[in-house]
Amino acid sequence: MSKNLVRENVPLSRFGVLVAQLESIGASASQQSPDPLLSFDLLSDLLSAIDEEPQESILLWQRKCEDALYSLLKLGSRRPVRHLASVAMAKIISRGDSISIYSRASSLQGFLSDAKRSEPQRVAGWFKISFSVFFDTENYNI
């Protein structure tokens, strides 16, 4: 509960605004599929904001950002969007709280076991996240 109070009293940073926009794309996906160009631009801005943002702000918005990126990947976005979302996920985990990689790996395991193996494009983003975080967290050249 105290985290919610802290989040309400903190001024919204550029990073927080981008996370909120990313959440709105995921929330509106039930009515219409996300616009690939809008998603690509938003993720490009998010990547630069992650580099510029202080770690305290990253930690404050990390969970919401991860959830929004996860929903974008789960929607089955196109390859450039999946790539940027995967890189953003890797960066956010490496700059923020790295313990969340375990919950994300668990989500991947659940996603794969839910008989969705016939959707290789959606799963591809998750493999990129896992490998980039475990093996290439400094370069993100996937």
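The name given to the chain in an unreviewed UniProt entry is protein sweetie, and the organism recorded there is Salix purpurea.

For the structure on display, the rule yields five salt bridges. Here K91 and D51 are joined by a salt bridge, their closest N and O atoms 3.0 Å apart. Pair noted here: K91 is in helix α5 (residues 79–95) and D51 is in helix α3 (residues 36–52), with a separation of 40 residues, a long-range link. The shortest N-O distance in the salt bridge between D97 and R63 comes to 3.1 Å. Here D97 is found in the loop between α5 and α6 (100–113), whereas its partner R63 is found in helix α4 (residues 55–74), with 34 residues between them in sequence. When its relative accessible area of 30% is taken as the criterion, D97 is described as partly exposed.

Turning our attention to helix α2 (residues 14–27). Residues that lie three or four places apart on an α-helix share one face, since the helix turns once every 3.6 residues. A rise of 1.5 Å per residue sets the reference length of α2, with its 14 residues, at 20 Å; its end C-alpha atoms lie 20 Å apart and thus fit the reference within 8%. For α2, the set of buried residues is F15, G16, L18, V19, L22 and I25. Buried residues along α2 sit against α3, α4 and α5.

Mean pLDDT over the chain works out to 77, with 68% of the residues at or above the 70 mark. The least confident element of the chain is helix α1 (residues 2–9), whose mean pLDDT is 49; the most confident is α3, at 94. For residues 1–6, every residue scores under 50 in pLDDT, and the model assigns this stretch one contact once sequence neighbours within four places are set aside. Note on residues 134–142: pLDDT is under 50 here. Beyond four places in sequence and across chains, it has 13 contacts.

Parameters at a glance
- Every chain is numbered independently, its residues counted from 1 as its sequence is written.
- Only residues with pLDDT of at least 70 are given local features in this predicted model, and only at 80 or more are side-chain atom pairs given and counted; all residues enter the totals for whole chains, interfaces and linings.
- By convention in this description, side-chain values take in all heavy atoms of the structure and omit both hydrogens and water.
- The rule for a salt bridge is simple: a side-chain nitrogen of Lys or Arg has to be within 4 Å of a carboxyl oxygen of Asp or Glu.
- Working definition: helices are DSSP H or I runs of at least four residues, strands are E runs of at least two. Numbering for both runs from the N terminus.
- We call a residue buried when its accessible area falls under 20% of the maximum for its residue type, exposed when it is over 50%, and partly exposed in between, using a 1.4 Å probe and counting protein chains only.
- To estimate how far a helix should reach, multiply one less than its number of residues by 1.5 Å.
- Should any heavy atoms of two residues lie within 4.5 Å, those residues are counted as being in contact.
- The score called pLDDT rates the predictor's confidence residue by residue, from a low of 0 to a high of 100.

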